[in-house]
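Now for the letters of each chain:
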Amino acid sequence: MASRAAVKTVIMVAAVALAAATGLAGAGARAADADAVRRGEYLFNAAGCLGCHTDEKGGGKPLAGGRALATPFGTFYPPNITPDPEHGIGRWSDADFIRAFREGRAPDGSYLYPAFPYPSYTRMTDRDLLDLKAYLFSREPVAAANRPHDLSMPFSWRFLLAGWQWLYFDTRGPRPDDPAKPPEWNRGRYVVDALGHCGECHTPRTTFGGMEADRYLAGNPKGPNGDKVPNITPQPRFGIGGWTPGDITLLLETGLTPEGDVVGNAMAEVVRNSTSKLTADDRAAVAAYLQSLPPIGPPP
Ligand code: HEC
Ligand code: HEC
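Analysis parameters
Residues numbered from 1 in each chain as written. Chains lettered and ligands numbered in written order. Predicted model: local features only at pLDDT ≥ 70, side-chain atom pairs only at ≥ 80, totals over all residues. Heavy atoms only, no water. Near = heavy atom within 4 Å. Polar contact = N/O pair within 3.5 Å; in protein donor to acceptor, adjacent residues only side chain to side chain. Helix = DSSP H or I, 4+ residues; strand = E, 2+ residues; numbered from the N terminus. Nonpolar A, V, L, I, M, F, W, Y, C, P; charged D, E, K, R; others polar. Buried < 20%, exposed > 50% of the residue type's maximum accessible area, 1.4 Å probe, protein only. Arc of directions from axis to C-beta. Contact = heavy atoms within 4.5 Å. Core = buried A, V, L, I, M, F, W, Y, C linked by side-chain atoms within 4.5 Å. Domains from an automatic or database assignment. Donors = N, O, S within 2.8 Å, 3.2 Å for Na, K, Ca; no water. Tetrahedral: all angles 85-135°; square planar, octahedral: opposite > 155°, others 65-115°. Axes fitted to C-alpha atoms, helices over the stretch in contact; angles between N-to-C directions. Parallel < 35°, antiparallel > 145°, perpendicular 65-115°, else oblique. Phe/Tyr/Trp six-rings, centres within 6.5 Å; stacked < 30°, edge-to-face > 60°. Lys NZ or Arg CZ within 6 Å of the ring centre and 35° of its normal. Pairing = 2+ DSSP bridges.

Things to note about the site of ligand 1
Right, on to step 1. Lining the immediate surroundings of ligand 1 are 22 residues, of which Cys-49, Cys-52, His-53, Tyr-113 and His-149 lie closest.
Right, on to step 2. In this structure, an oxygen atom belonging to ligand 1 sits 2.7 Å away from a side-chain N or O atom of Arg-158.
Right, on to step 3. For the shell around ligand 1, the secondary structure elements donating two or more residues are α2 (49-53) and α5 (126-137).
Right, on to step 4. Here the shell around ligand 1 takes 3 residues from α2, the largest share from any one element.
Right, on to step 5. Class assignment of the residues belonging to the shell around ligand 1 gives a composition of 17 nonpolar, 4 polar and 1 charged.

Dropping the structure here:
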């Protein structure tokens, strides 16, 4: 029969062990969170979230609501994506977050406009999406109300997006790596198609704003702000077929073209916020992937 003293000792030892264990687990969880935030920051830059969701010109706080995006359907005002519980996405669960990117649906089930480039982001892995969320939730919450979009009818009817998704948003979720291709190519495909959403600007669109899949990256005569977006397939005359991999990585890092010009318009911002912040390996992967694509000339 155990004495009271022995029982006390056992309880004390157990309590100390438990405290040590939870303390360790706590530290482990924090370290994991810090890693997730760091990885999330890289993804945040690679995916170019800042520019649309910050009204830089209007002096808005980072991520507290975006600058006006003029489109043929009207003007979009990207919402507050800070962790503010009232005006931002502070109450969103992990599942809510993944669903927005994967399926283009808000937590209440309503459809999101593809002005938010989820048709590209849908390719991101769950893990990358959760790291991205960890980074966003580490940012300063800002209590700034969203500005409603200013769209013409019938584009202001959100439920019609069900039809849009049915027409243009049929492939969802990450693609498995192609085992016949080197890891660099698979990484390049992920950076270009999923994170960098290069096709959102460089691929021409149909009347209703779907991407023309068979003219992938072949240039868009009516890009953001009505600017012409060049063909970046390896077509020798109309695309960037004459560029070396080093020409491509230099442009992504510095904005300099092989002719010694500096890219302007929307691409200047892509370079500043996004591709200049990629690792050299990721820029090389982008170049390898772009050069492997089918060359596409102008439409017949
Ligand atoms: C080209 C501009 C653009 C880019 C780039 C962009 N967004 Fe958005 N985002 C929008 C627009 C516009 C909406 C509003 C869509 C709607 O109202 O249906 C939106 C909506 C969202 C929403 C839903 C918020 C809500 O309250 O419903 C989240 C979350 C979000 N974006 C996060 C991000 C993150 C994270 C990134 C980077 C990976 C990103 N966005 C990149 C334009 C953009
Ligand atoms: C927001 C729209 C947008 C996105 C996203 C975008 N681009 Fe661009 N890109 C442009 C525009 C516009 C130009 C033309 C710049 C100019 O007029 O100086 C351009 C130019 C380029 C050029 C130079 C081509 C030439 O012939 O001079 C390359 C290469 C390029 N982009 C690659 C990419 C890659 C790779 C990605 C994805 C990581 C990407 N772009 C994402 C809009 C975009």
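Remarks on helix α6 (residues 161-168)
Right, on to step 1. Of all the residues in α6, the buried ones are Leu-161, Trp-164 and Gln-165. Seen end-on, α6 carries its buried residues on one side only, within an arc spanning 95°. Looking at α6, the residues exposed on the side facing more than 90 degrees away from the buried face are Trp-166 and Leu-167.
Right, on to step 2. Against α3 (94-103) and α4 (118-121) lie the buried residues of α6.

A closer look at the nonpolar core
Right, on to step 1. In terms of nonpolar packing, the biggest core is built from 49 residues, with Met-124 and Leu-290 touching the most fellow members.
Right, on to step 2. Elements with a minimum of two residues in this core: α1 (4-46), α3, α4, α5, α6, α7 (183-195), α9 (245-254) and α11 (280-292).
Right, on to step 3. Two domains share this core, each providing at least three of its residues, namely domain 1 (32-174) and domain 2 (175-294).
Right, on to step 4. With residues near it in sequence (within four places) discarded, Met-124 still touches Arg-102, Leu-129, Leu-132, Pro-174, Tyr-190, Ala-194 and Leu-195.

Describing the coordination of the iron atom of ligand 2
Right, on to step 1. Only His-202 (NE2) and Met-267 (SD) from the protein coordinate the iron atom of ligand 2, and they sit 2.1 to 2.3 Å from it.
Right, on to step 2. Considering all 6 donor atoms around the iron atom of ligand 2, the spread of angles at the metal, 87 to 179°, places the coordination shape in the octahedral class. With His-202 in helix α8 (residues 199-202) and Met-267 in helix α10 (residues 265-273), this pair connects stretches of sequence that are 65 residues apart.
Right, on to step 3. The exposure class of His-202 is buried, given its relative accessible area of 9%.

Some words on the packing of α7 against α11
Right, on to step 1. Between α7 and α11, the shortest axis-to-axis distance is 7 Å and the interhelical angle comes to 90°. With respect to their mutual orientation, α7 and α11 come out roughly perpendicular. Between α7 and α11, the residues in contact are Glu-184, Trp-185, Arg-187, Gly-188, Arg-189, Val-191, Val-192 and Asp-193 and Asp-282, Ala-284, Ala-285, Val-286, Ala-288, Tyr-289, Leu-290 and Ser-292, respectively.
Right, on to step 2. Classifying every residue of the contact of α7 with α11 gives 9 nonpolar, 2 polar and 5 charged.

What about the packing of aromatic side chains?
Right, on to step 1. One pass over the structure, following the stated rule, counts 12 aromatic pairs.
Right, on to step 2. A ring pair is formed by Trp-185 and Tyr-289, whose centres lie 5.4 Å apart and whose planes are at 70°; its orientation type is edge-to-face. Taken as a pair, Trp-185 in helix α7 and Tyr-289 in helix α11 lie far apart in primary sequence, 104 residues in all. Each member of the pair, Trp-185 as well as Tyr-289, is classed as buried.
Right, on to step 3. Ring-pair connections join several aromatic residues into one group, and the members of that group are Phe-97, Phe-101, Phe-116, Tyr-118, Tyr-121 and Phe-169.
Right, on to step 4. Lying across the ring of Tyr-111, Arg-105 places its NZ or CZ 4.1 Å from the centre.

A word on the sheet that holds strand β1 (residues 69-71)
Right, on to step 1. With antiparallel pairing, the 3 strands of this open sheet are ordered in space as β1-β2-β3. Edge positions in the sheet fall to β1 and β3 (150-151), since each of these pairs with one other strand and no more.
Right, on to step 2. Here 2 bridges tie strand β2 (residues 74-76) to β3, and the two strands are oriented antiparallel to one another. Following the sheet pairing, Thr-75 is matched in β3 by Asp-150.

Things to note about the site of ligand 2
Right, on to step 1. Around ligand 2 there are 22 residues in total, and Cys-198, Cys-201, His-202, Gly-264 and Met-267 lie nearest to it.
Right, on to step 2. Note that an oxygen atom of ligand 2 is positioned 2.7 Å from one of the backbone N or O atoms of Gly-264.
Right, on to step 3. The side chain of Asn-265 places a nitrogen or oxygen atom 3.4 Å from an oxygen atom of ligand 2.
Right, on to step 4. For the shell around ligand 2, the secondary-structure elements that each account for two or more residues are α8, α9, α10 and α11.
Right, on to step 5. Here the shell around ligand 2 is built from residues that sort into 16 nonpolar, 6 polar and no charged.

Interpretation note: all reported values are geometric properties and have no functional meaning in isolation.
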